[in-house]
Structures are given as C-alpha cells and as structure tokens.
Amino acid sequence: MDSILRYALLLCNNNLELNNFCQLSKNLKNNNLEPTNTSASSVVSNLDFKGSIETFPIIEAIKKNASEANWCQTYSISEVGEDFANRHCYFELIGPNGHFYNEAIRGFVCYWGEYLNYNWHSHEAEEIYYILGGKALFKTKTMTKVLKANETQFHKSWESHAMETLEEPLLAFILWRGKGLDQLAKMDN
Ligand SMILES: [Fe+2]
C-alpha cells in the first residue's frame, strides 16, 4: 500500500485543485488494515483503465496491490440495486479508519464498472473527485459534464450529486474534508 500512498501524495502535491483542497503530511502512520475482498474488487487488477500521464503510475500501483487493500461496499441492495452493489467497491487509503491514519482528511480509491448509475446522493463532508482512469457523466443540480483522467469535480457540503459510468470502468480518487467526516454518503429520496 506504500506505493499507492506515495503516488496519491504526489498527485495531491502536483494537481492545483487537489492541492487547494488539502495538504497532507508525508508521514502518515500505517494502520495495518487487513486485506478484504468484495464481489467487485477481484476484477480491478485485470482491467484496463484509460488514464493519463499523471494518473498512469497510481493506476498501475492500485492494480498491482489490489489484493492488499481493505475493499468495502457499504450500500445495501435496496438502496442501490444488485448490479451497482456487485460492481462498485472502494477502500479508504487515508483517513481515521483508512490504511494510513489522518484525522482531518479522508481519501478513497473507488471503482465502478461500466454502465452503472450512481443515483442522487449527498453528505455533509466537502468532496473532490479526481479521475484516475475511465470517464463518467457527473451531475449536480446546476451542471452535467463528462469527466476523464486528471480532471476534478468539487461538491459542497450536502450538495446533491449523481454519476453515471459510460462504456468504460471508472477508477477515481476521492477526498473528503470538514464536518461529517465520520459519516457515509446518503442516497437522496
Ligand atoms: Fe460524494
């Protein structure tokens, strides 16, 4: 997991939007989380994610070390449907319960299979998406746009947002800050 962290910190330093969102220390304590699997996580190491020059190193590090990660899937089938629950997973790289301890910022590596619809949801924490590989349609109540590797999307506290993956799987690095750091996203009704 050290190499994934190293590349994530490099991205946070080198990307202006990520750097404006947070500054992370290089010395994060390893929480020594146990590796876990979900139904989706086993495919991550075998997929071709369309990355960029900036994201290629971390994509390769994630694929190479996928079996070491503490993969989660926290939505129930009744909330998101069986297909979504089976083809989405994430791990907390940085954070209070992440692979590397930080109390003020959470950083997640997230995977979605192609043609998944992540319905409207929200959370108190402020958020920035950074696309590592693939592309997806991002929606807020005021805009809709396709995001691809090395592009970012910011969501304010409690701002509803939705996302649809297109013909490619998506790998993203997501950062949270501020209040509500200890909570999960809620599907809007
Ligand atoms: Fe979000």
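Note that the structure is predicted; figures quoted are calculated from it, not measured.

A. Local environment of the overall build of the chain. The helix and strand tally for the chain stands at five helices and 10 strands. Looking at the chain residue by residue over its 189 residues, the buried ones come to 51%. Of all intrachain contacts in the chain linking residues separated by at least 6 positions in sequence, the fraction that spans at least 24 positions is 72%. For the chain, the accessible area works out to roughly 9200 Å², and carbon and sulfur atoms hold 48% of it. With 17 positive and 23 negative side-chain charges, the chain shows a separation of 4 Å between the mean positions of the two kinds.

B. Representation of the layout of surface pockets. Its volume calculated, the largest pocket comes out at about 380 Å³. Lining the largest pocket are 27 residues, and of these T74, Y90, F108, W176 and L184 sit closest to its centre. Within the residue set of the lining of the largest pocket, elements represented by two or more residues are strand 1 (88–94), strand 2 (105–112), strand 3 (117–122), strand 4 (126–133), strand 9 (170–177) and strand 10 (186–187). In terms of residue count, strand 2 provides more of the lining of the largest pocket than any other element does, four residues in total. Residues of the lining of the largest pocket, tallied by class, amount to 14 nonpolar, eight polar and five charged. The computed volume of the second largest pocket comes to approximately 240 Å³. If you tally residues by element for the lining of the second largest pocket, the top one is helix 1 (residues 2–14), at seven residues. For the lining of the second largest pocket, the class distribution of residues is six nonpolar, three polar and three charged.

C. Region of interest: the sheet that holds strand 2. The strand order 1-2-9-4-7 describes an open sheet built from five strands, whose pairing is antiparallel. The open sheet has two edge strands, strand 1 and strand 7 (152–155), and neither has a second partner. Taking the axes of each pair of neighbouring strands and ignoring which way they run, one obtains an average angle of 20° across the sheet. Strand direction decides the pairing type here: strand 1 and strand 2, joined by six bridges, are antiparallel. Residue pairing across strands places H88 opposite W112, the latter belonging to strand 2. In the packing of helix 3 (residues 56–64) onto the sheet, the strands contacted are strand 2, strand 4 and strand 9, and the crossing angle to strand 4 comes to about 85°.

D. The arrangement of the coordination of the iron ion in detail. On the protein side, the iron ion has H123 (NE2), E127 (OE), E127 (OE) and H161 (NE2) as donor atoms, found 2.1 to 2.4 Å from it. Around the iron ion sit four donor atoms; with metal-centred angles ranging over 56 to 141°, the donor geometry is irregular. Going along the chain, you hit the donors of the iron ion in the pattern H-x3-E-x33-H. Pair noted here: H123 is in the loop between strand 3 and strand 4 and H161 is in strand 8 (residues 161–165), with a separation of 38 residues, a long-range link. Each member of the pair, H123 as well as H161, is classed as buried.

E. How the structure looks around the pattern of salt bridges. Under the criterion given, the structure shown has nine salt bridges. Residue D48 is joined to K63 by a salt bridge in which the shortest nitrogen-to-oxygen separation is 3.9 Å. In this pair, D48 is assigned in the loop between helix 2 (16–21) and helix 3 and K63 in helix 3, connecting sequence segments 15 residues apart. Salt-bridge contacts for E92 lead to R106; the nearest nitrogen and oxygen are separated by 2.7 Å. Within this pair, whereas E92 is found in strand 1, its partner R106 is found in strand 2, the two being separated by 14 residues in sequence. With relative accessibility at 7%, the residue E92 sits in the buried group.

Conventions adopted
- Residues numbered from 1 in each chain as written.
- Predicted model: local features only at pLDDT ≥ 70, side-chain atom pairs only at ≥ 80, totals over all residues.
- Heavy atoms only, no water.
- Helix = DSSP H or I, 4+ residues; strand = E, 2+ residues; numbered from the N terminus.
- Buried < 20%, exposed > 50% of the residue type's maximum accessible area, 1.4 Å probe, protein only.
- Contact = heavy atoms within 4.5 Å.
- Areas by Shrake-Rupley, 256 points an atom, 1.4 Å probe, with all protein chains shown as cover.
- Lys, Arg positive; Asp, Glu negative; His and termini not counted.
- Charge placed at Lys NZ, Arg CZ, Asp CG, Glu CD.
- 1 Å grid on protein atoms, 1.4 Å probe; cavity = no way out; pocket = protein on both sides within 12 Å on 5 of 7 lines; lining within 4 Å.
- Points joined across faces, edges and corners; volume = space filled by probe spheres on them.
- Nonpolar A, V, L, I, M, F, W, Y, C, P; charged D, E, K, R; others polar.
- Pairing = 2+ DSSP bridges.
- Axes fitted to C-alpha atoms, helices over the stretch in contact; angles between N-to-C directions.
- Donors = N, O, S within 2.8 Å, 3.2 Å for Na, K, Ca; no water.
- Tetrahedral: all angles 85-135°; square planar, octahedral: opposite > 155°, others 65-115°.
- Salt bridge = Lys/Arg side-chain N within 4 Å of Asp/Glu carboxyl O.

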